[in-house]
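Listed below, chain by chain, are the residues.
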Amino acid sequence: MVQECLRTLEARLPGRVRADEYNRMLYATDASIYRETPLAVVIPRHTDDIQAVMETAAEYGVPVLPRTAGSSLAGQAVNRAIVVDFTTHLDGILEVDTEKQTATVEPGVVLDTLNRHVASMGLQFGPDPASSNRAAMGGIVSNNSTGSHSIAYGMTADHVQAMDVVLSDGSRARFSEVDAAAFARKGQVDGREGAIYRAVGQVMEDGADIIQRDTPRHWRRCGGYNLDRLAPDGVSFHASPPAGPNLASLVCGAEGTLAIIERVTVGLVPRPKHTMLGIAHFRTLEEGLAAVEVILETAPTAVELLDELGMSMCRRQPMWRKKLEQFVEGTPACVLITEYSGATEAEVRAGVAGLEAYMKQRGVPVTGVVPVLTAAGQRDVWSVRKMGLGFLMSVRGDHKPIPFIEDAAVPVRHLSAYVTGIEQFCRGLGFDVAYYAHASAGCVHIRPMVNTKAAEEIAKLPEIMHFAVEQLRGYGGALSSEHGDGRARSPFNEAFFGPELYGLYRRVKQAFDPEGLMNPGMVVDAAPMTTSLRYGADYRANVPVRTHLDWSRDQGYDQAVEMCNGAGVCRKLDVGAMCPSFMATREEEHSTRGRANALRAVMSGALPTGRVTDERLYETMDLCLQCKACVSECPSSVDMATLKVEFLAGYHEKYGVPRRSRMFADAAKQARRFSGMMAGMANRMGKARPLRALMERTVGITAERALPPFAAEPFTKWFEKNRGGALGPGSAGGDGAPRERVVLFNDTFNTYHYPEVAIAATKVLEAAGYDVILPGHGCCGRPAISKGLVDEARRMASETLDRLTPLAQEGLTIVGLEPSCVLSFDDEYPALLPGDPRVPLVAEKTLLFDDFVARCVGEGRLPLLTGWNGSGPGDRGLGDILLHGHCHQKAAVGTAGTHRALGALKGCTVTEVDAGCCGMAGSFGFEKEHYDLSMAIGGKRLFPAVNATPETTTIVAPGVSCRQQIAHGTGRRAWHPAEVLAQALARVAGEKAEKVDKTS
């Protein structure tokens, strides 16, 4: 029946049904510990496609699972069903009514996108799940999600007003608030909708006492079905009961088991006028948890916990460590992020200022409170908090802090006792635990550290769940408070809610879905929690992989792949840098998660290709731009760029190295060959359209771009002619004393293609009081690394270290102009040359040019910049500066040094482009099959940002690829920071010399 169903569906929806094994694998996991391969995947283009799916599925009796981002933690987004993915096309914001403060949206719209859309109207959607940058509204509603501000805004169900749905027989219905008479009338109509109203009405009549008696009183609850929201006076929810029953309240939190949402109308709330944070520090977790009840007496709008383990994981990633250290002092056992909101700044500031004194007055042993008053500082705090789960999951090895009991919530007065009891029970079974928490709502996400590949440990999970259920019933808590029931908690719903209330839930399911087609096995009638595990006792990464890089830092290649926990942070659409190809295509396959799933499936034999060099896998890995954004933005630091290098090495070993890959890897040889005397002829040929067309046909280099120009006078020739040799001795300063020396790493690009950059850098470094020496040119290996030519890259890396090590041993600083080149010293070199003592020595002594100049500015070595008068590159006014940071720079060290260096130009405002990868990514944008995607990525945010600036704005980009892409995509020239600073220094020095002449 399944195959007949799929054939019929394909005929109705040509090109939208994906039933091949590979695409089904991509949707077999979500952010939970589960794996279940779907029957097929449908990518609907409009709402009629949804109805077609459900009609066809009902005809053949095939299950259906509506899904958005798949960021669910309990396993409700995976099933043996037809998965309908709304996020590619059905993501519209259909209407915003500012007077009624409502928004009507399609299921696939991401929450942060909605909030940005309504921000200018002074509005927002109240609930704020941590996954808001990729979680879509259909999933948020179906999960009845909430977040850090739940004490202010409650649950999603408190804000859902109406929805249009497709029912399990394929018919359509609209659910909204009605009075009792209208509810009764709806039960009199024919069809599935009328049957639902009749059945639910009977459930409410028969079970009124049961609902009042057995529904948990804790308001923060998303488990079961929301029958209490249909009761006249409600039972447990945060907001005031509605005037009349609304079946949308049942679909909200139903996890796709009752109906498919086509569009939903939600209430919005005013954005707070002022907010500030106080970060309360504690010596022990117990002291922090006990403090929550006292803090709530000060009327905060959020209280969030970060524990010691989560903070230690955060500190392992440079970008996030910098953010954390701005608001956490020392190494506390935990901190409570406490937010105050109000109509005036004075009111909010007073709340933060009085927090520590109030706690001490009440006897709370707080060790200090760090105020965070600026908007930028608060954004950093919340970004760290929202990544808390990911930080915990970045633990290396098979033991991970896994989700199954983590979604419980208890009244705050019982919080410390509940956590202590669970922790002691888990430790008694041999499990350590990790935490992160919405402390203000009594929700501490407790995660035992479990190896889900070990049968003896898996067997203990239900035992822990049963203990938690009994504890929660005793404390009046909720088993599921924001992450839903799914596969993890649905099996325990009868024990938690009691057989009578659970029986009512089964009647609701039967009313909506008598054939059991809607995401079966969730909420009611679930399989045991240890079935369909992603790993399980039988899991093995048993496909042999001959690795070419050293993976000991990750405890093995398979462990590096398995670091992806499925949280889907890589599915962001318009913020950050990860993942650029997904942002452009919106295809799950082109997310970091999709690539990790594909690698894991092949390695474990879930995809029966039998080899990790499979050609279909090549298609998945091919669109990874190796931007390194995943290293910093993925909370688990999944390094897909390096995983791709390893994959390509094995692929080339089997199929041979393409000529184009060889050509790009040997870019340094070609640069040396064609620069100088050959440059004129080579450049003319490179611009000639016929030759470019020929190269496209024969080599695969796009004819749409001209190749980089070769320099008529390479930087090394200029340096020899003007500075007396590449390794000349330091000259004496004006007082006769020898000047300090600094090494300028003259990479291929800025030596043989764009020598003006290296010349400018030389002049800036000399102005800072240094003699510049060159180590001699040789390729660092970056092009070979990107193409998976590991042996060649290893040789180039070793030769580079041969030249740099003696200089580093002298204590000289090595300064690099091209981020992708010099940052490889600390990134890829350890994997290429494991155990080589030269690697850490050279890496420690190497700095980006921007960071080194920033240090010089701080030391007062560039006083001439303070005389800057506003002229700039091209003999025109510099105006403001728009900075586009290089991807590897942003991932490894950040752009703060570039800001500080350019910030020395007094009177110039430096603004960084809110964009990720430029789309060029070295050779990627030159490859004909990648050209369109390259331009699409640049066109997402970078090109519009550049085009929006006036001509008086100077565009600055440290990366050579970025400058090439900006010029090609916008027609604007982008400058290296060295060029801007050198122009400024030359102009100021010239003006001062002119003044001296006039005076004399």
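Note that this is a predicted model, so its numbers are computed, not measured. (Residues numbered from 1 in each chain as written. Predicted model: local features only at pLDDT ≥ 70, side-chain atom pairs only at ≥ 80, totals over all residues. Heavy atoms only, no water.)

J.: How do you make sense of the overall build of the protein chain when you look at a structure like this?
T.: Assigned secondary structure in the protein chain consists of 48 helices and 28 strands. Considered along the principal axes of its C-alpha atoms, the protein chain spans approximately 100 × 70 × 55 Å. Across the 1000 residues of the protein chain, 62% fall into the buried class. In the protein chain, 75% of the contacts between residues at least 6 apart in sequence involve partners at least 24 apart. Accessible area for the protein chain stands at about 35600 Å²; split by element, carbon and sulfur atoms hold 51% of it. Positive and negative charge centroids in the protein chain, built from 107 and 117 side chains respectively, lie 6 Å apart. (Helix = DSSP H or I, 4+ residues; strand = E, 2+ residues; numbered from the N terminus. Buried < 20%, exposed > 50% of the residue type's maximum accessible area, 1.4 Å probe, protein only. Contact = heavy atoms within 4.5 Å. Areas by Shrake-Rupley, 256 points an atom, 1.4 Å probe, with all protein chains shown as cover. Lys, Arg positive; Asp, Glu negative; His and termini not counted. Charge placed at Lys NZ, Arg CZ, Asp CG, Glu CD.)

J.: Which parts of the structure should I look at to understand helix 29 (residues 640-655)?
T.: Two residues of an α-helix separated by three or four positions point the same way, owing to the 3.6 residues in each turn. In this model, helix 29 (16 residues) spans 22 Å end to end at C-alpha, consistent with the 22 Å of a helix rising 1.5 Å per residue. Counted residue by residue, helix 29 has 13 buried out of 16 residues, so it is predominantly covered. (Expected span 1.5 Å × (residues − 1).)

J.: What should I look at first to understand the sheet that holds strand 26 (residues 910-912) in this one?
T.: The strand order 26-25-27-28 describes an open sheet built from four strands, whose pairing is parallel. Whereas interior strands pair on both sides, the edge strands pair on one side only; in this sheet they are strand 26 and strand 28 (974-975). Here strand 25 (residues 881-883) runs beside strand 27 (residues 954-956); their pairing, made up of three bridges, is parallel. Paired with Leu882 across the two strands is Ile955, which belongs to strand 27. Against the sheet, helix 44 (residues 896-903) makes contact with strand 25, strand 26 and strand 27, and its axis sits at roughly 160° relative to strand 26, the strand it touches most. (Pairing = 2+ DSSP bridges. Axes fitted to C-alpha atoms, helices over the stretch in contact; angles between N-to-C directions.)

J.: Is there a simple way to explain the state of the cysteines in this structure?
T.: Cysteine pairs can be linked by a disulfide, which is a covalent bond between their two sulfur atoms. Within the structure shown, the criterion is met by zero disulfides. Not part of a disulfide, Cys222 finds its nearest cysteine sulfur in Cys252, a span of 9.3 Å. Left without a disulfide partner, Cys779 is nearest to the cysteine sulfur of Cys780, which lies 4.9 Å away. Given a relative accessible area of 11%, Cys779 falls into the buried group. (Disulfide = S-S within 2.5 Å.)

J.: Whenever I open this one, the pairing of strand 15 (residues 368-372) confuses me. Can you help?
T.: The side chains of a regular strand alternate, residue by residue, between the two faces of the sheet. Most of strand 15 is tucked away, with four of its five residues classed as buried. The sheet contact formed by strand 12 (residues 274-282) and strand 15 spans five bridges and is antiparallel. Bridging from a neighbouring strand, Gly278 pairs with Pro371 of strand 15.

J.: I would appreciate a short explanation of the pattern of salt bridges in the present structure.
T.: Counted under the stated rule, the structure contains 60 salt bridges. Two residues, Arg739 and Asp771, come together in a salt bridge whose shortest N-O distance is 3.2 Å. Taken together, the residues Arg739 in the loop between helix 34 (715-723) and strand 19 (740-745) and Asp771 in strand 20 (residues 770-773) connect sequence positions 32 residues apart. Using a relative accessible area of 10% as the deciding quantity, one classes Asp771 as buried. (Salt bridge = Lys/Arg side-chain N within 4 Å of Asp/Glu carboxyl O.)

J.: Help me out: how do you make sense of the packing of aromatic side chains in this one?
T.: We describe a pair of aromatic rings using the distance from one ring centre to the other and the angle between the two ring planes. One pass over the full model with this rule turns up 21 aromatic pairs. Between the aromatic rings of Tyr651 and Tyr655, the centroid separation amounts to 4.6 Å while the plane-to-plane angle is 40°, which identifies the pairing as tilted. Placement of the pair is Tyr651 and Tyr655 together in helix 29, with a separation of four residues, close to one helical turn. Classification of Tyr655 as partly exposed rests on a relative accessible area of 33%. The interplanar angle of 20° and the centroid separation of 5.9 Å between the aromatic rings of Phe715 and Trp718 together place this pair among those described as stacked. Taken together, the positions of Phe715 and Trp718, both in helix 34 and three residues apart, correspond to about one turn of that helix. The buried category is assigned to Phe715, whose relative accessible area is 0%. (Phe/Tyr/Trp six-rings, centres within 6.5 Å; stacked < 30°, edge-to-face > 60°.)

J.: Would you mind showing me how to read the sheet that holds strand 19 here?
T.: In any sheet, the strands associate via hydrogen bonds between backbone groups, in a parallel or an antiparallel arrangement. Ordered by their spatial adjacency, four strands build an open sheet running 20-19-21-22, and the pairing between neighbours is parallel. Of all strands in the sheet, those with a lone pairing partner are strand 20 and strand 22 (846-848), marking the two edges. Strand-to-strand twist across the sheet, computed as the mean angle between neighbouring axes with direction ignored, equals 35°. Sheet topology note: the strand 21 (residues 814-816)/strand 22 ladder contains three bridges and is parallel. What sits directly across from Val815, in strand 22, is Leu847.

J.: How do you make sense of the packing of helix 27 (residues 615-622) against helix 29 when you look at a structure like this?
T.: Each pair of packed helices can be described by the angle between their axes along with the distance between the axes. Across the interface, helix 27 lies against helix 29 with an axial gap of 11 Å and an inter-helix angle of 145°. Between helix 27 and helix 29 lies a crossing of left-handed hand. Contacts between helix 27 and helix 29 involve Glu615, Leu617, Tyr618, Met621 and Asp622 from the first element and Met640, Leu643, Lys644, Phe647, Leu648, Tyr651 and Tyr655 from the second. Its residues placed into classes, the contact of helix 27 with helix 29 shows nine nonpolar, no polar and three charged. (Left-handed = near helix turned anticlockwise from the far one by under 90°. Nonpolar A, V, L, I, M, F, W, Y, C, P; charged D, E, K, R; others polar.)

J.: So what exactly am I meant to see when it comes to the confidence of the model for the protein chain here?
T.: Atomic detail in the predicted coordinates should be set aside for any region of low pLDDT. Residue-level pLDDT values for the protein chain average 92, and 95% of them are 70 or greater. A low-confidence stretch, residues 726-735 stays under pLDDT 50, and its non-local contacts, those more than four residues away or across chains, total 17 contacts. (pLDDT = per-residue confidence, 0-100.)

J.: What's the story with the side chain of Asp485 in this structure? I'm lost.
T.: Position of Asp485 relative to the elements: it lies in the loop between helix 20 (461-475) and helix 21 (486-489). Within the local environment of Asp485, its side chain forms a polar contact with the backbone nitrogen of Gly224, the two atoms lying 2.8 Å apart. A distance of 3.0 Å separates a polar atom in the side chain of Asp485 from a polar atom in the side chain of Asn493. Discounting chain neighbours no more than four positions away, the residues touching Asp485 are Ala74, Gln76, Gly223, Gly224, Glu255, Ser480, Ser490, Asn493 and Val523. (Polar contact = N/O pair within 3.5 Å; in protein donor to acceptor, adjacent residues only side chain to side chain.)

J.: What should I look at first to understand the environment of Ser120 in this one?
T.: Its place among the elements puts Ser120 in the loop between helix 4 (111-119) and strand 7 (123-124). Sequence-wise, Ser120 and Arg271 are 151 residues apart; in three dimensions their C-alpha atoms are separated by 9.8 Å.

J.: So what exactly am I meant to see when it comes to the nonpolar core here?
T.: Ranked by size, the top nonpolar core spans 114 residues in total, and within it Met163, Phe175, Leu227, Leu247, Leu250, Leu336 and Phe512 carry the most contacts. In this view, Leu247 contacts Phe175, Phe183, Ile196, Tyr197, Val200, Leu230 and Phe512; residues no more than four positions away in its chain are not counted. The next biggest cluster of nonpolar side chains, apart from the first, holds 113 residues, and it includes Tyr22, Ala31, Met311 and Val602. (Core = buried A, V, L, I, M, F, W, Y, C linked by side-chain atoms within 4.5 Å.)

J.: What's the story with helix 26 (residues 592-604) in this structure? I'm lost.
T.: For helix 26, spanning 13 residues, the distance from its first C-alpha to its last is 18 Å, which sits close to the expected 18 Å at 1.5 Å a residue. The element helix 26 is largely enclosed, with a buried count of 13 among its 13 residues. Within two residues after helix 26, Gly605 carries a phi angle of roughly 85°, on the positive side.

J.: Teacher, can you tell me more about the pairing of strand 3 (residues 64-67) here?
T.: The two faces of strand 3 match: Val64 and Pro66 on one face and Leu65 and Arg67 on the other face are all buried. Relative to strand 4 (residues 82-85), strand 3 runs parallel, the two being bridged by four bridges. What sits directly across from Val64, in strand 4, is Ile82.

J.: Please explain a nonpolar patch on the surface as it appears in this structure.
T.: Taken together, Met678, Met681 and Met685 make up a surface patch of nonpolar side chains, about 260 Å² in accessible area. Its place among the elements puts Met678 in the loop between helix 31 (667-674) and helix 32 (679-687). For Met678, a relative accessible area of 33% puts it in the partly exposed group. (Patch = residues over 30% accessible without salt bridge, like charges linked within 9 Å, V, L, I, M, F, W, Y side chains within 5 Å.)

J.: Which parts of the structure should I look at to understand the environment of Cys443?
T.: Considering the arrangement of structural elements, one finds Cys443 in strand 18 (residues 443-451). Once the C-alpha coordinates of Cys443 and Leu167 are considered, the two residues, 276 residues apart in sequence, prove to be 33 Å apart. Dropping the residues within four chain positions of it, Cys443 is found in contact with Arg220, Ala408, Ala409, Ala437, His438, Ser481 and Glu482.

J.: Explain unusual backbone geometry to me, please; I cannot follow it from the model alone.
T.: Negative phi values dominate among residues other than glycine, just as trans dominates among peptide bonds. Going from Met578 to Cys579, the amide bond is cis rather than trans, its omega being 0°. Mapped onto the secondary structure, Cys579 falls in the loop between helix 24 (557-562) and helix 25 (580-585). The phi torsion at Glu255 lies on the positive side, around 60°, for a residue other than glycine. Positive phi outside glycine occurs at Lys628, with the angle close to 75°. With respect to the helices, strands and loops of the structure, Lys628 is situated in the loop between helix 27 and helix 28 (629-633).

J.: Help me out: how do you make sense of the environment of Met920 in this one?
T.: Its location among the elements puts Met920 in the loop between strand 26 and helix 45 (931-940). In the structure, Met920 is positioned 46 residues away from Ile966 in sequence and 9.2 Å away in space, judged by C-alpha atoms.

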